[in-house]
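Listed below, chain by chain, are the residues.
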Amino acid sequence: MRFELSDEATALRDAAAGLLAAEVTPAVIRAGWPGGDGGLADVGRTDGGRPGGDGGLPGEGPPNGGRPNGGLADVVWRKLAALGAVGTLVPEEHGGLGLDENSLVPLLEEVGRSGLPGPAVETIAVAAPLLPRPDILAGDTLVAVRHGDLIPFGQVAEVIVARDGDSLLSFGRNDLELIPQVAVDGSRMLARVAPASLSGPARGGTVLTDDPAVTEAAWQRGVLGTSALLIGLAWRMLELTVGYVRQREQFGVPVGSFQAVKHALANALVAVEFARPVALAAAWAQAAGAAGAARQTSAAKVLATDAAQLVARTAIQCHGALGYTTEYELHLFAKRVWALAAAWGDPAAHRALIADSIGVAGG
Amino acid sequence: MDLRWSPAEEAFRGEARGWLEANVPRGLPSGDTRAGFAAHLEWERALHAAQWAVVSWPREYGGRDATLWEWLIFEEEYYRAGAPQRVTQNGIFLLAPTLFEFGTPPQRDRYLPRMAAAQDTWCQGWSEPGAGSDLAAVRSSAVRDAAGGGWRLSGQKTWTTRGAFCTHLFGLFRTDPAAERHRGLTYFLVPLDAAGVTVRGFPRLDGDEGFADVFFDEVFVPDSDVLGTVNQGWPVAMATAGSERGLTLRSPGRFTASADRLLDRYRERPSPALRDRVVQSWIEAQAYQMFTLQQVTRLADGQASGPEASLAKLMWSELDVRLHETALALLGPEGELDGPWSRGFLFSLAGPIYAGTNEIQRNVVAERLLGLPRGPRG
């Protein structure tokens, strides 16, 4: 029994953390939004930096060609890929690092913490092991995953993976008619699949796997990776808030010296510290093929979501009016939390899965 | 990461489980009554006779030299088997680690074996009428008795758990009246049958005589019963408090066992509207277990337990209240009856108060883990 990161997990995490801390500036995060300015777009604009207004989709073009400034995040993504991060779960003989979920979670925590926009979970955790193409591993091609008729990052991904029961199918972006959607977190680059694409036989889909176990494992990695992103986002918002309340003075003292503020932030930290070991344990269970891995993963998603939402709420409150602006960077992280809360199953859905698994199904 | 138990650990678990299943008493009365306390001592002595009382201690003091991991396993099995909370806990889990760290060899030899055997039973002497969360405000004093080679203790301790039944008390007394606050305090070990000690039991929230006032009227304590250094009692007391907040008092096995019983309760009488809360309690017990495995790995590597103990205390105490609230909701109208769940609920309400209130713990977390500025407080 040892509950600690392996040396290779630590090395990958540290390398990614160093790169992301240096490269993912607020400008890079904002560049991931339609209009490229992270929610500032509406100021003084009439055409809106709104999806649909950019005119780049659907259609041909270079990766992410529909985004003004979109290339800023792509540069970082390729640097992350150059570390091998996209191929974390890909065997070495296929050009990957040959690591497992134990390394995936700390890596994606750092991605979440950095705020790097893009489909990191979809590409690294879900797709790359099934689709270890050189262009994907090099960071030239992004992969999105369809949930119902919504596709987060559907505006920027070249490859779209969809689950069909026990199978995973992959589509080229042009195989589907995609309608850009306005989302609270603009960096989600959300698209909706046109009804015509949903009815009738899927056009151009390629079977990635029809093995139920492989399909389910990929899905579980998506849930796990999203939990890791949420924990990373929670850390970042806590750090921002601690920094702020230490220097913001009212009544002649830092507001962080007030117990009302301290206790709110302490509760937020407890929630994150509660969630993180569960995500790491779920990663271990997935990698080891342990019994109960799915239920651990669901527990991780529940706790990570609840923690990140508590931190987001607390962070905004402790920032006062500053937290209620789009000029300040906090909203870039909070909005992503609200999007990810419902992604890959919301807490209610995962509690229901756990209930079935531990034999307390509804009466 | 390797979350598997070794074959040796599994064997240890099997041995513990086998013994506990065969020996755990059923239907013991509350340990917070005079008659119940005596019955619990019988159980604790049976544990000791089979060498299960203090598994993590050295063999010379009655333990098994068990690793922290094995101790966690034993605790899991102990509560899984439905065994009662330990009435010796303030000695074996709180004072003992402090004796191992600060005690002299004669003190260890004098107290540890009898503590393990449930011959001596220990209560805490921290709180006073004017000193609760603000422990450094203690006013009970110890005056030098040079002729006797010791000290004369006077004052009052209160809210002393099982003080009416225990044989000994450990606590802080002011030895330097001129020193400020947490300076000038000394940690004493006191037999409660000493001349000048008066104990008055009084009921806790559950109605049992689980609390006591302990009055000291020039009670003589020899120098050999000072734990640590005179006027340096504060860090010794903080070591004890750290044990109380964190791992040693509240192992995750107790909460995973409670969560499992909650699931059983739900299965007997499913109430779909409460299912999510039941699941949430199970999740939280699992989370505390995983958090603990992470902490124990660090402790096993020789890292000191620090303010993380405050995180742990916030976790287990709050999850325990939620778990019992959910249990009472599941019981519906039956929940008002005196029984294990209603008693467990009342006891859970003590968790956020004892071992330093959760408000104090949040201050510690905010200041020492998050780095927020200290407030206007001593």
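Residues numbered from 1 in each chain as written. Chains lettered and ligands numbered in written order. Predicted model: local features only at pLDDT ≥ 70, side-chain atom pairs only at ≥ 80, totals over all residues.

### Overview of the overall build of chain B
Secondary structure summary: chain B contains 11 helices and eight strands in total. Expressed along its principal axes, the backbone C-alpha trace of chain B runs to roughly 70 × 45 × 45 Å. (Helix = DSSP H or I, 4+ residues; strand = E, 2+ residues; numbered from the N terminus.)

### Observations regarding unusual backbone geometry
Residues and elements named next belong to chain B. The phi dihedral of Asp65 falls on the positive side, at around 55°, and the residue is not glycine. Tracing the chain through its elements places Asp65 in the loop between α2 (34-49) and α3 (68-80). In this model, Arg181 sits at a positive phi of 50°, which is unusual for a non-glycine residue. Here Arg181 lies in the loop between β4 (168-174) and β5 (185-191).

### Things to note about the sheet that holds strand β6 (residues 191-193) of chain A
Residue and element names in this part refer to chain A. Sheet architecture is open: three strands sit in the order β2-β6-β5, paired in antiparallel fashion. Of all strands in the sheet, those with a lone pairing partner are β2 (150-151) and β5 (178-180), marking the two edges. As defined by bridge partners, β5 adjoins β6 across three bridges and the pair is classed as antiparallel. Across the sheet, Leu178 pairs through a bridge with Val193, a residue of β6. (Pairing = 2+ DSSP bridges.)

### Quick notes on the domain arrangement of chain A
All names here are of chain A. What the domain assignment reports for chain A is domain 1 (7-209) and domain 2 (212-357). Considering each element in turn, the side of domain 1 that touches domain 2 owes the most residues, 10 residues, to helix α4 (residues 101-114). Residues of the side of domain 1 that touches domain 2, tallied by class, amount to 16 nonpolar, eight polar and nine charged. (Domains from an automatic or database assignment. Nonpolar A, V, L, I, M, F, W, Y, C, P; charged D, E, K, R; others polar.)

### Some words on the pairing of β5 of chain B
Each regular strand shows side chains that alternate between the opposite faces of the sheet. All names here are of chain B. For β5, the buried fraction is high: six of the seven residues fall into the buried class. Sheet topology places β4 next to β5; seven bridges connect them, and they run antiparallel. By the bridge assignment, Leu172 is partnered in β5 with Tyr187. Bridge count between β5 and strand β8 (residues 226-227): two bridges; the pairing is antiparallel. Bridge pairing in β8 links Tyr187 to Leu227. (Buried ≥ 20, exposed ≤ 12 C-beta atoms within 10 Å, placed from the backbone.)

### With respect to the pairing of strand β1 (residues 122-125) of chain B
All names here are of chain B. Residues Trp122 and Gln124 of β1 are buried on one face, and the alternating residues Cys123 and Gly125, pointing to the opposite face, are buried as well. Inspection of the sheet shows β1 paired to β4 by four bridges, in the parallel sense. Residue pairing across strands places Gln124 opposite Phe170, the latter belonging to β4.

### Some details on the confidence of the model for chain A
Mean pLDDT over chain A works out to 91, with 89% of the residues at or above the 70 mark. Counting interchain partners and residues more than four positions distant, the pLDDT-below-50 stretch residues 44-68 of chain A has 46 contacts. (pLDDT = per-residue confidence, 0-100. Contact = placed C-beta atoms within 7 Å.)

### Remarks on the interface of chain B and chain A
Note: interface size is frequently given as the accessible area lost on complex formation between the parts. Contacts between the two partners involve 41 residues from chain B and, on the opposite side, 39 residues from chain A. Only α7 (252-268), α8 (275-300), α9 (308-331) and α11 (358-369) of chain B provide two or more residues apiece to the side of chain B that touches chain A. Along the lines of polarity and charge, the residues of the side of chain B that touches chain A split into 25 nonpolar, eight polar and eight charged.

### Looking at the packing of α9 of chain B against α11 of chain B
Residue and element names in this part refer to chain B. Between α9 and α11, the shortest axis-to-axis distance is 9 Å and the interhelical angle comes to 140°. Considering the angle they form, α9 stands oblique to α11. Regarding α9 and α11, the two cross each other, and that crossing is left-handed. Between α9 and α11, the contacting residues are Ser310, Leu311, Lys313, Leu314 and Ser317 on the first element and Asn358, Gln361, Arg362, Val364 and Val365 on the second. The residue makeup of the contact of α9 with α11, split by class, is four nonpolar, four polar and two charged. (Axes fitted to C-alpha atoms, helices over the stretch in contact; angles between N-to-C directions. Parallel < 35°, antiparallel > 145°, perpendicular 65-115°, else oblique. Left-handed = near helix turned anticlockwise from the far one by under 90°.)

### Concerning the domain arrangement of chain B
Residues and elements named next belong to chain B. Taken domain by domain, chain B holds domain 1 (7-87), domain 2 (122-232) and domain 3 (246-369). The centre of domain 1, based on its C-alpha atoms, is set 29 Å off from the matching centre of domain 2. For the side of domain 1 that touches domain 2, a count of residues per class yields two nonpolar, two polar and two charged.

### Here we look at the environment of Thr25 of chain A
All names here are of chain A. Position of Thr25 among the secondary structure elements: in the loop between α1 (7-23) and α2 (26-31). For Thr25, a count of 15 C-beta atoms within 10 Å translates into the label partly exposed. Sequence separation of Thr25 and Leu116 is 91 residues, and the distance between their C-alpha atoms is 8.7 Å.

### Things to note about the sheet that holds strand β7 (residues 206-209) of chain A
Residues and elements named next belong to chain A. Taken in spatial order, the four strands make up an open sheet running β1-β3-β4-β7, and their pairing is mixed. In this open sheet, the two edge strands, each paired with only one partner strand, are β1 (143-146) and β7. On average, each strand axis in the sheet is tilted by 35° relative to the strand beside it, whichever way the strands run. In terms of strand pairing, β1 meets strand β3 (residues 159-164) through four bridges, oriented parallel.

### So, the environment of Phe74 of chain B
For Phe74 of chain B, the position within the fold is in helix α3. When residues no more than four places from it in sequence are discounted, the contact partners of Phe74 of chain B are Ala16, Val55 and Ala66 of chain B.

### Here's the deal with helix α3 (residues 71-82) of chain A
An α-helix turns once every 3.6 residues. As a result, residues three or four positions apart point the same way. Residues and elements named next belong to chain A. Compared with the 16 Å implied by 1.5 Å per residue over 12 residues, the 16 Å span of α3 between its first and last C-alpha is a close match. Within α3, burial applies to Leu72, Ala73, Asp74, Val76, Trp77, Leu80 and Ala81. Its buried side turned inward, α3 meets α1, α2 and α6 (134-137). One or two positions beyond α3, positive phi appears at Gly84, with a value near 100°. (Expected span 1.5 Å × (residues − 1).)

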